[in-house]
Amino acid sequence: MHKYIIIGPQGSGKGTQAQVLAKTFDFVHISIGDIFRWNMTHHTKLAARVTRIMNEGRLVPDEIVEEVVRQRLEQHDWNFGFVLDGFPRTRVQAEYLFENWNLDKAIYLDIPEDIVFRRVMSRVAEGKGGGFTKRLDDNPEALKIRLREFHDKTRPLLALFDQKGMLVTVDGNQTVEGVFESIVDKLGLPAAVKAG
Ligand code: AMP
């Protein structure tokens, strides 16, 4: 059983890496942002509680996020393991994770903030979204807020993971393949299995 989380600022490529990692090793990729976006597309009750917050680039309150994560993980469809993408993002969320789920490693995609800002802005200029549709939170104001939320609330968690011996830092400023190879190598997963 492999239980991983992946942390990185907006535009660090964490969604892509989580997806490839999951596909390659048969883990389940759980993206909290995707779950929220699914709810928004389907106009659920949950969407009504989170849409404005998300579109502004702010973090959704911990109790809502915790409930979503709990419900998702309790499905237990992750026979070989999971890659949690976008959780935890605050101290309270990290405590919940430690108390309830035995985490193996926290993968941190390390990338300078000015580079992620440029990456995401070029995505905005090209009109591309992070998923299949354009994201309403891909605009300069929301992006600035998201990066600040990352800086203030999520980045401090790295020290916590480090203290627990769980932190795996990977240089996120490489090609997608380069980043993936570094992750596989640092997690000690079989390198012979190639992404695709
Ligand atoms: P993401 O797709 O991971 O960039 O997440 C998109 C948005 O969903 C974030 O900007 C937040 O508004 C919300 N969100 C996702 N995960 C969390 C989390 N763990 N805590 C709070 N808000 C979150």
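Look up: the structure comes first, before these words.
Along each chain, residue indices are assigned from 1 in the same order as the chain's sequence is written. Reporting in this predicted model follows two pLDDT cut-offs: at least 70 for local features of residues, and 80 or more for side-chain atom pairs to be given and counted; totals over whole chains, interfaces and linings ignore these cut-offs and use all residues. Side-chain numbers here rest on the full set of heavy atoms in the structure, without hydrogens or water.

Participant: It is not clear to me how the overall build of the protein chain should be interpreted in this structure. Could you clarify?
Facilitator: Counting its secondary structure elements, the protein chain contains nine helices and five strands. The way it works is that DSSP assigns letters per residue, a run of H or I at least four long becomes a helix, a run of E at least two long becomes a strand, and they are numbered from the N terminus. Along the chain direction, N to C, the helices and strands of the protein chain fall in the order β-α-β-α-α-α-β-α-β-α-α-α-β-α. Only C-alpha atoms enter the radius of gyration; for comparison, a globular chain is expected to reach 2.2 Å times N to the power 0.38, where N is the number of residues. Relative to its length of 196 residues, the protein chain is compact, with a C-alpha radius of gyration of 16 Å against a globular reference of 16 Å. When a residue's accessible area, from a 1.4 Å probe over protein chains only, is under 20% of the maximum for its type it is buried; when over 50% it is exposed; and in between it is partly exposed. For the protein chain, the proportion of its 196 residues judged to be buried stands at 46%. When checking whether two residues touch, look at their non-hydrogen atoms; a contact exists if any pair is within 4.5 Å. Expressed as a percentage of contacts within the protein chain between residues at least 6 apart in sequence, the contacts between residues at least 24 apart total 73%. Accessible surface for the protein chain amounts to roughly 10,200 Å². Of this, 51% is attributable to carbon and sulfur atoms. This count recognises Lys and Arg as positive and Asp and Glu as negative, with His and chain-terminal groups excluded. Charged side chains are reduced to one point each, which is NZ for Lys, CZ for Arg, CG for Asp and CD for Glu. Charge-centre separation for the protein chain: the mean point of 27 positive side chains lies 3 Å from the mean point of 27 negative side chains. In these tables, accessible area is a Shrake-Rupley quantity obtained with a 1.4 Å probe, and a residue counts as shielded only by the protein chains included in the view.

Participant: Whenever I open this one, helix H2 (residues 32-41) confuses me. Can you help?
Facilitator: Because each turn of an α-helix spans 3.6 residues, side chains separated by three or four positions end up pointing in the same direction. Within the sequence span of H2, burial applies to Ile-32, Gly-33, Phe-36, Asn-39 and Met-40. Here the buried residues of H2 occupy an arc of 125° about the axis, which is enough to place them on one side. Check the buried side of H2 and you find it contacts strand E2 (28-31), helix H3 (45-56), helix H4 (62-73) and strand E3 (81-85). Positive phi shows up at His-43, right after H2, with a value of about 50°. The reported arc concerns the directions from the helix axis to the C-beta atoms and nothing else.

Participant: Would you take a moment to explain the site of the ligand for this structure?
Facilitator: Proximity is defined per residue: if any heavy atom of the residue lies within 4 Å of a molecule or strand, that residue is considered near it. As a matter of local geometry, the ligand sits amid 17 residues, with Arg-37, Arg-58, Gly-86, Arg-89 and Gln-93 nearest to it. Here a polar contact is taken to be a pair of N or O atoms separated by no more than 3.5 Å, where protein atoms must pair a possible hydrogen donor with a possible acceptor and residues adjacent in sequence count only if both atoms sit in side chains. Within the side chain of Arg-37, an N or O atom sits 2.8 Å from an oxygen atom of the ligand. At 2.7 Å from an oxygen atom of the ligand is found a main-chain nitrogen or oxygen belonging to Arg-58. In isolation the ligand has 480 Å² of accessible area, and contact with the protein removes 98% of it. Considering each element in turn, the shell around the ligand owes the most residues, four residues, to H2. Only Asp, Glu, Lys and Arg are considered charged in this grouping, and only Ala, Val, Leu, Ile, Met, Phe, Trp, Tyr, Cys and Pro are considered nonpolar; every other residue, Gly among them, is considered polar. Its residues placed into classes, the shell around the ligand shows seven nonpolar, four polar and six charged.

Participant: Would you explain the packing of aromatic side chains in this entry?
Facilitator: The description of an aromatic ring pair rests on the distance of the ring centres and on the angle between the ring planes. Think of it this way: a Phe, Tyr or Trp ring, Trp meaning its six-membered ring, pairs with another when their centres are within 6.5 Å, and the plane angle makes it stacked under 30 degrees, edge-to-face over 60, tilted otherwise. If you walk through the whole model with that rule in mind, you get six aromatic pairs. With a centroid separation of 5.9 Å and 75° between ring planes, the pair formed by Trp-78 and Trp-101 is classed as edge-to-face. Here Trp-78, found in the loop between H4 and E3, pairs with Trp-101, found in the loop between helix H5 (91-100) and strand E4 (105-110); they are 23 residues apart in sequence, far enough to count as distant. Of the residues examined, Trp-101 reaches a relative accessible area of 12% and is grouped as buried. Put simply, the rings of Tyr-4, Phe-25 and Phe-27 touch in pairs and so form one group of aromatic residues.

Participant: For this particular structure, what's the right way to read the sheet that holds E2?
Facilitator: Within a sheet, neighbouring strands are paired by backbone hydrogen bonds and run either parallel or antiparallel to one another. Across the sheet, which stays open at both edges, the five strands sit in the order E2-E3-E1-E4-E5 with parallel pairing between neighbours. Taken across any chain shown, the strands that pair with only one partner, and hence form the sheet edges, are E2 and strand E5 (167-171). The average angle at which neighbouring strand axes cross in this sheet is 20°, direction not considered. Note on pairing: DSSP must find at least two bridges between two strands before they are called paired. Pairing geometry for E2 and E3, over four bridges, is parallel. Looking at the pairing, Ser-31 lines up with Asp-85 of E3. Relative to the sheet, helix H1 (residues 14-25) contacts strand E1 (2-7), E2, E3 and E4, its axis offset from that of E3 by approximately 170°. For every element, the axis is a line fit to its C-alpha atoms; helices are fit only across the contacting stretch, and the angle between N-to-C directions ranges from 0 to 180 degrees.

Participant: What's the story with the packing of H1 against helix H9 (residues 176-187) in this structure? I'm lost.
Facilitator: Relative placement of two packed helices is described by the angle separating their axes and the distance separating the axes. At their nearest, the axes of H1 and H9 sit 10 Å apart, and the two run at 60° to each other. Between H1 and H9, the crossing angle belongs to the class labelled oblique. You can see that H1 and H9 cross each other, and the crossing is right-handed. Across from Thr-16, Gln-17, Val-20, Leu-21, Thr-24 and Phe-25 in H1, the residues of H9 making contact are Val-176, Val-179, Phe-180, Ile-183, Val-184 and Leu-187. Across the contact of H1 with H9, the residue classes break down as nine nonpolar, three polar and no charged. Working rule for angles: under 35 degrees goes down as roughly parallel, over 145 as roughly antiparallel, 65 to 115 as roughly perpendicular, anything else as oblique. Put simply, a crossing is left-handed when the front helix is turned counterclockwise from the back one by less than a right angle, and right-handed when it is turned clockwise.

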